[in-house]
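Here's the letter readout for the chains.
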Amino acid sequence: MLGTGKYKVGGNYAASLFANNLAHEKGYACEFYLDAKEKKYIDECGAANFFGIKNNTYVTPKSTSILPSITNKSLMQVAEDLGLKVERRPIPEEELETFEEAGACGTAAVISPISYIDDLETGKRYDFGEKPGPISKKLFDTLRGIQYGEIEDKHGWTTVVIE
C-alpha cells in the first residue's frame, strides 16, 4: 500500500489541491492520477474513480491507493446485469487509447463522461468523444433508475422510507 488513498480522510483531499488547481489553470476539468509507485498504471481522476469501456467490457483500476467507491461497485454490478464483462485490474496508461468510452464515477454525479485525457509530458491525447457513449449512458440511466425506484432493485440496495 502506498499512502492513505483507500481511506476517506481530509488529508487525501488536501494533497490533491495543488494538482487540481494546476489542472484548472490549464483549462482542464480535473486532474488524472497514475499509480504512486511506478507511475504507469491508471489510478483515478480527481476525486472520482475511473472506468473505461471496450469490447463490451467495463474496466476499472485495481489499486490499493484509491478510495473504494460504492458507486463504482454498483456500476460493476449493473454492467454485469446488462451483460457486460467486468474487469478490475491494473490498467497501463497506454491502454487508454483502446477504450471506446471513459468516465469518472462517484457519489455526486454517478458518471461524468470523459471526452479526452492529455498527457502533458508526452503531448499525447486520448480521445473518447464529446458525448457520453451508449454504454455509459445505459449504466447511468440504469443506476439512477434503481436509485429513484423506477427500475427494480434486484440487489437490495434501496430502502423505501415512509413517514
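Above this text is the structure in question.
Please read all numbers here as calculations on a predicted model, not as lab measurements.

As for the nonpolar core
Then step 1. With 15 residues, the main nonpolar core has Phe51, Ile53, Tyr58, Leu75, Leu84, Ile111 and Leu139 as its most contacted residues.
Then step 2. Of all the elements in the fold, those that place two or more residues in this core are β3 (48-54), α2 (70-81), β7 (110-113) and α3 (134-147).
Then step 3. Beyond its immediate sequence surroundings of up to four residues, Leu75 is in contact with Tyr58, Cys105, Val110, Ile111, Leu139 and Leu143.
Then step 4. Ile42, Ile91, Leu96 and Tyr126 belong to the second-largest nonpolar core, a separate cluster that totals 14 residues.

A word on the pattern of salt bridges
Then step 1. If you walk through the whole model with that rule in mind, you get 8 salt bridges.
Then step 2. Its salt-bridge partner being Glu95, residue Lys54 comes within 2.7 Å of it at the nearest N-O pair. With a gap of 41 residues between them, Lys54 in strand β3 and Glu95 in the loop between β5 (85-88) and β6 (101-106) connect regions that are remote in the sequence.
Then step 3. The exposure class assigned to Lys54 is buried, which follows from its relative accessible area of 17%.
Then step 4. Here Lys124 makes a salt bridge to Glu97, at a shortest N to O gap of 3.3 Å. With Lys124 in the loop between β8 (116-118) and β9 (125-127) and Glu97 in the loop between β5 and β6, this pair connects stretches of sequence that are 27 residues apart.
Then step 5. According to the relative accessible area criterion, Lys124 is partly exposed, its value standing at 34%.
Then step 6. Members of the salt-bridge network, linked through shared partners, are Lys54, Lys85, Glu87, Arg89 and Glu95.

As for α3
Then step 1. With 14 residues, α3 should cover 20 Å at 1.5 Å per step; its first-to-last C-alpha distance of 20 Å lies within 8% of that length.
Then step 2. Listed in full, the buried residues belonging to α3 are Ile135, Ser136, Leu139, Thr142, Leu143, Gly145 and Ile146.
Then step 3. Its buried side turned inward, α3 meets β3, β4 (57-60), α2, β6 and β7.
Then step 4. In the stretch just after α3, Gly149 is the one whose phi turns positive, near 80°.

Here's the deal with the environment of Ser63
Then step 1. For Ser63, the location among the structural elements is in the loop between β4 and α2.
Then step 2. Distance from Ser63 to Asp43, taken between C-alpha atoms, is 6.7 Å for residues 20 residues apart in sequence.
Then step 3. Among the polar contacts listed, one links the side chain of Ser63 to the side chain of Asp43, at a separation of 2.8 Å.
Then step 4. Engagement of the side chain of Ser63 in a polar contact is seen with the backbone nitrogen of Ser65, the distance being 3.0 Å.

What about unusual backbone geometry?
Then step 1. Phi angles above zero are rare outside glycine, and Asn55 is one such case at about 50°.
Then step 2. Checked against the element boundaries, Asn55 lands in the loop between β3 and β4.
Then step 3. Accessibility expressed as a relative area gives 61% for Asn55, which makes it exposed.
Then step 4. Phi is positive for Asn56, close to 60°, though the residue is something other than glycine.
Then step 5. For Asn56, the location among the structural elements is in the loop between β3 and β4.
Then step 6. Classification of Asn56 by relative accessible area gives partly exposed; the value is 42%.

What about the packing of α2 against α3?
Then step 1. Taken N-terminus to C-terminus, the directions of α2 and α3 make an angle of 110°; their axes are 10 Å apart at the nearest point. Between α2 and α3, the interaxial angle falls into the category roughly perpendicular. Here α2 contributes Thr71, Ser74, Leu75, Val78 and Ala79 to the contact with α3, which in turn contributes Leu139, Thr142, Leu143 and Ile146.
Then step 2. Across the contact of α2 with α3, the residue classes tally to 6 nonpolar, 3 polar and no charged.

Conventions we followed
Residues numbered from 1 in each chain as written. Predicted model: local features only at pLDDT ≥ 70, side-chain atom pairs only at ≥ 80, totals over all residues. Heavy atoms only, no water. Core = buried A, V, L, I, M, F, W, Y, C linked by side-chain atoms within 4.5 Å. Buried < 20%, exposed > 50% of the residue type's maximum accessible area, 1.4 Å probe, protein only. Helix = DSSP H or I, 4+ residues; strand = E, 2+ residues; numbered from the N terminus. Contact = heavy atoms within 4.5 Å. Salt bridge = Lys/Arg side-chain N within 4 Å of Asp/Glu carboxyl O. Expected span 1.5 Å × (residues − 1). Polar contact = N/O pair within 3.5 Å; in protein donor to acceptor, adjacent residues only side chain to side chain. Axes fitted to C-alpha atoms, helices over the stretch in contact; angles between N-to-C directions. Parallel < 35°, antiparallel > 145°, perpendicular 65-115°, else oblique. Nonpolar A, V, L, I, M, F, W, Y, C, P; charged D, E, K, R; others polar.

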